[in-house]
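Here's the letter readout for the chains.
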There are 2 protein chains.
Amino acid sequence: MKINPGIKVQVKTSKGTFEGVLMPRTELSDKDHIVIKLSNGYNIGISKDDIKELKEIAEKEKIRHLKKVKFDSSKPAISLVSTGGTITSKVDYKTGGVFPYTKPGELLADVPELGNFVNIKHIHSPFQLLSEDMSSEEWAKIAEQVYKDLNSKDIEGVIVTHGTDTLHYTAAALSFMLRNLNKPVALIGAQRSSDRGSFDGAMNLVCGAHYALSDIAEVAIVMHGSTEDKYCIANRGTKVRKMHSSRRDTFRPINEFPLAKIWPDGNIIIENSNHNTRSDSKVELDTKFEEKVALVYSYPGSNPKVLEYYLEQGYKGVILAGTGFGHVSTQPLHKKFSWIPVIKNAINKGMFIGMTTQTLYGKTDPCVYSAGRLLMDAGVVYLKDLLPETAYVKLGWVLGHTKNLENAREMMLTNYANEFNERIDPKTFLY
Amino acid sequence: MKINPGIKVQVKTSKGTFEGVLMPRTELSDKDHIVIKLSNGYNIGISKDDIKELKEIAEKEKIRHLKKVKFDSSKPAISLVSTGGTITSKVDYKTGGVFPYTKPGELLADVPELGNFVNIKHIHSPFQLLSEDMSSEEWAKIAEQVYKDLNSKDIEGVIVTHGTDTLHYTAAALSFMLRNLNKPVALIGAQRSSDRGSFDGAMNLVCGAHYALSDIAEVAIVMHGSTEDKYCIANRGTKVRKMHSSRRDTFRPINEFPLAKIWPDGNIIIENSNHNTRSDSKVELDTKFEEKVALVYSYPGSNPKVLEYYLEQGYKGVILAGTGFGHVSTQPLHKKFSWIPVIKNAINKGMFIGMTTQTLYGKTDPCVYSAGRLLMDAGVVYLKDLLPETAYVKLGWVLGHTKNLENAREMMLTNYANEFNERIDPKTFLY
């Protein structure tokens, strides 16, 4: 019997009976197995020898009842900017992959409880992209839309829905591009698509809406705080990182506490009192950005001459993610591994070089070891506790404003969006 | 009064009286301040205007009583391989930096309790380097020395002392270069130098010696498990990463539990029963290594053509640290950001391309999203839950054995040193 991929089947085997959607053959599957996607979203492989019975299950197609979203205009108003990603996607059972919706409103139909406390007045979709496909141009488009909404008198705050892969890069970009932020901006995504029981986007959206109505005027990623559907954490856009490929509580604060814990019922507990608060001023848009910047990791045997490559390609700045306190090889047994001559040459030619640490947690410090002092003397700017990702985004933004190395150094060390934390609480480690 | 750097001084100011060592001028200090290194190791800057009195304090030079290390030959024997780093360093008060000892035995003089339970029979020092200056050549030298000792009949295990910056890269390298490992290999370092009260090297050395006598025949990093001087954790060499720039409990297991908790009194609690055990077989040395491999992170706006640079430089393989499940941009709005054509070209020209995730925790999976499938179809090999660092080291080792892409793929997916964990316990996240 020939059954096409995408059809729901029941398979009887010696290990039990399984029901799920027959998946198409991929490189990973061999001829002797079939693959079934179970209703929990996981795939299992079943040996053909072990199949006692395989049959199609008649099933009505699951119809998404797209209710017309009606919001109560007496409730406080927010706006929604939809940019793509898993939160606005569903599984395509023909390919086994995840497929984007085209209508952002479809998501809202799944979350009727939003109407109880908020009025989503505007829905914008400047583009629909998977987040790994975004670049600074898209960051500027999002910033522009958010800026317009924030300066609209009746909008209390903004939610941006977005893929999770690079959500923290976008969060950092918005933190710098929206100057004098006056209202909350919640960035949310989902780690599971909406047709899975473990879909996290609905709760993230509800918590994001509560954040958008809160008093915290910062760009934050608002997503699951634990593996359960209990509460979300709002993490400062410049101090947050995706730390797990699949968990729903993947976004963790780095060198900082979360701004707040937020429960779906609207309960908010402030975890970090050092935050900016809502004001009546106007937010300013500042999206100038130099896209010729790079993020380079060092490691044993790494080739410093990659800096020359970037120099030849017209790059204006590089963020190094060094080891420990911010080190690269400076005194190796073989000269070819020393970064010092290449760094000096690059800086002489006008390239900005900033140092972060690949440990992610903790601060860089050029004064503890000889490598740090040699690098500092060569002109490398040590960026304290900035995440490599945040430093990369900030450098693009800074070099969009000045190409002068001294001005850039000063701007890179200026605290624009609480991206530096002078007093890192030990309890923030691996929070 | 002119006081030379390196002299212990007492400074009276309006904020109190401070004692410490006067530090030399650096770029960070300005003309209006002096810098004092306090006895706790931290530096403070003091405004010259605020100095009421500054005087030298007569102090006998702290003399290190280098006892002749005598070990009891009736105790079980281990060997020590000293390679440099903070654990065998002290502060140089002339420069303010940390300065390596020349005699590894000096360290042992500080840890007399070792003699109570172990006989350190051999001390080798193939070289003394800061760990950020090491490359695969040094890994091979360490492996060779460890191999000789492990195959010596009366040696129960080996300790390697090493800088912490790249200790996890070396741990991975030894894990692959020492085949059929028969005895324990403990890698230890220190986050504080030996003249600081918080020196962690002594306890790490004691715990490392207990590990070297244990039944666990794996390469492990044995360092502080918490911020207190309570216990160490032994972390599998292929599943561990330096996660903080300065904390003493910086080495954390990734996608895995520690192998064991080890107390300085010799108490060992096995945390991970899935480990290799001591045997009577001989360990084999296999240090073949292709140094033309690179580790490349992707991010929004990253330039895929950096792969062409590595190709032109004769590189044979690249490990990508992608986003999320292992993604790079495949469907961007601007073609220049798409990695697909560059990856296809590189693979056609014989370059191996493996995928890991920059989230560090979790697994890659090419089958969830379209980007993964496009990359897999282009020939990218998905490396499950391998850390980017471990994958980089493994790729150099694998390409030292074969340049055939299919063979390399097979070797990269073979579990040589418990580098893959099929069943990652949720509790290992942010352990």
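Residues numbered from 1 in each chain as written. Chains lettered and ligands numbered in written order. Predicted model: local features only at pLDDT ≥ 70, side-chain atom pairs only at ≥ 80, totals over all residues. Heavy atoms only, no water.

Draft legend 1. Here's a closer look at the overall build of chain A. If you tally the helices and strands in chain A, you get nine helices and 23 strands. Here chain A has a C-alpha radius of gyration of 24 Å; the compact-globule value for 431 residues is 22 Å, and the two agree. In terms of principal-axis extent, the alpha carbons of chain A reach across some 70 × 60 × 40 Å. For chain A, the proportion of its 431 residues judged to be buried stands at 61%. Here the analysis covers contacts within chain A between residues at least 6 apart in sequence; of these, 70% occur between residues at least 24 apart. Summed over all atoms, the accessible surface of chain A reaches about 16900 Å², with 48% contributed by carbon and sulfur. A distance of 1 Å separates the average location of the 55 positive side-chain charges in chain A from that of its 50 negative side-chain charges. (Helix = DSSP H or I, 4+ residues; strand = E, 2+ residues; numbered from the N terminus. Rg over C-alpha atoms; globule rule 2.2 N^0.38 Å. Buried < 20%, exposed > 50% of the residue type's maximum accessible area, 1.4 Å probe, protein only. Contact = heavy atoms within 4.5 Å. Areas by Shrake-Rupley, 256 points an atom, 1.4 Å probe, with all protein chains shown as cover. Lys, Arg positive; Asp, Glu negative; His and termini not counted. Charge placed at Lys NZ, Arg CZ, Asp CG, Glu CD.)

Draft legend 2. Region of the structure containing the domain arrangement of chain A. The domains assigned to chain A are domain 1 (8–56), domain 2 (77–285) and domain 3 (293–412). Spacing between the C-alpha centres of domain 1 of chain A and domain 2 of chain A amounts to 36 Å. (Domains from an automatic or database assignment.)

Draft legend 3. Fine view of the nonpolar core. In terms of nonpolar packing, the biggest core is built from 154 residues, with Ile343(A) and Ile343(B) touching the most fellow members. Excluding its chain neighbours within four sequence positions, the residues that come into contact with Ile343(A) are Leu307(A), Leu320(A), Val328(A), Ile353(A), Leu375(A), Ala378(A) and Val380(A). (Core = buried A, V, L, I, M, F, W, Y, C linked by side-chain atoms within 4.5 Å.)

Draft legend 4. Molecular detail of the relation of the copies chain A and chain B. You can overlay chain A on chain B at an RMSD of 0.2 Å; the transform is a turn of 180 degrees with a shift of 0.1 Å along its axis. Put plainly, the chains are arranged around a two-fold axis. Taking the C-alpha atom as reference, chain A places Leu430(A) closest to the rotation axis, 2.5 Å from it. (Least-squares fit on C-alpha atoms with pLDDT ≥ 70 in both.)

Draft legend 5. Main features of the sheet that holds strand β22 (residues 352–357) of chain A. Residue and element names in this part refer to chain A. Read across the sheet, four strands follow the order β20-β21-β22-β23 without closing on themselves; strand pairing throughout is parallel. Edge positions in the sheet fall to β20 (293–297) and β23 (381–382), since each has one partner strand and no second. As defined by bridge partners, β20 adjoins strand β21 (residues 317–322) across five bridges and the pair is classed as parallel. When the sheet's bridge partners are listed, Leu295 is paired in β21 with Ile319. Against the sheet, helix α9 (residues 405–412) touches β21, β22 and β23, its axis set at about 25 degrees to β22. (Pairing = 2+ DSSP bridges. Axes fitted to C-alpha atoms, helices over the stretch in contact; angles between N-to-C directions.)

Draft legend 6. Focus on the sheet that holds strand β21 (residues 317–322) of chain B. Residue and element names in this part refer to chain B. The four strands lie next to each other as β20-β21-β22-β23, forming an open sheet whose pairing is parallel. This sheet does not close on itself; its edge strands, each paired only once, are β20 (293–297) and β23 (381–382). Lying on the sheet, helix α8 (residues 388–399) is in contact with β20, β21 and β22 (352–357); it crosses β20 at an angle near 155 degrees. Along the sheet face, helix α9 (residues 405–412) touches β21, β22 and β23 and points at about 25 degrees away from the line of β22.

Draft legend 7. A look at the packing of aromatic side chains. One pass over the full model with this rule turns up 22 aromatic pairs over all chains. Seen from their ring centres, Phe325(A) and Tyr369(A) are 6.2 Å apart, and the 35 degrees between their planes marks the pair as tilted. One end of the pair, Phe325(A), is in the loop between β21 and α6 (340–348); the other, Tyr369(A), is in the loop between β22 and α7 (370–377), with 44 residues separating them in the sequence. Both residues of the pair, Phe325(A) and Tyr369(A), count as buried. Among the aromatic residues, ring-to-ring pairing joins Tyr309(A), Tyr310(A), Tyr315(A), Tyr309(B), Tyr310(B) and Tyr315(B) into one connected group. Between the NZ or CZ atom of Lys261(A) and the centre of the ring of Tyr231(A), over which it lies, the distance is 5.0 Å. The ring centre of Phe420(B) lies 5.1 Å from the NZ or CZ of Lys384(B), which sits over that ring. (Phe/Tyr/Trp six-rings, centres within 6.5 Å; stacked < 30°, edge-to-face > 60°. Lys NZ or Arg CZ within 6 Å of the ring centre and 35° of its normal.)

Draft legend 8. Just helix α4 (residues 201–212) of chain A, in detail. With 12 residues, α4(A) extends 16 Å from end C-alpha to end C-alpha; this agrees with the ideal 16 Å at 1.5 Å per step. All buried positions along α4(A) are accounted for by Gly201(A), Ala202(A), Met203(A), Asn204(A), Leu205(A), Val206(A), Cys207(A), Gly208(A), Ala209(A), His210(A), Tyr211(A) and Ala212(A). (Expected span 1.5 Å × (residues − 1).)

Draft legend 9. Up close: helix α6 (residues 340–348) of chain B. Residue and element names in this part refer to chain B. Burial in α6 covers these residues: Ile340, Val342, Ile343, Ala346 and Ile347. Seen along its axis, α6 keeps its buried residues to an arc of 165 degrees; they face one direction. In α6, the exposed residues that point more than 90 degrees away from the buried face are Pro341 and Asn348. Phi turns positive one or two residues past the end of α6, at Gly350, with a value near 95 degrees. (Arc of directions from axis to C-beta.)

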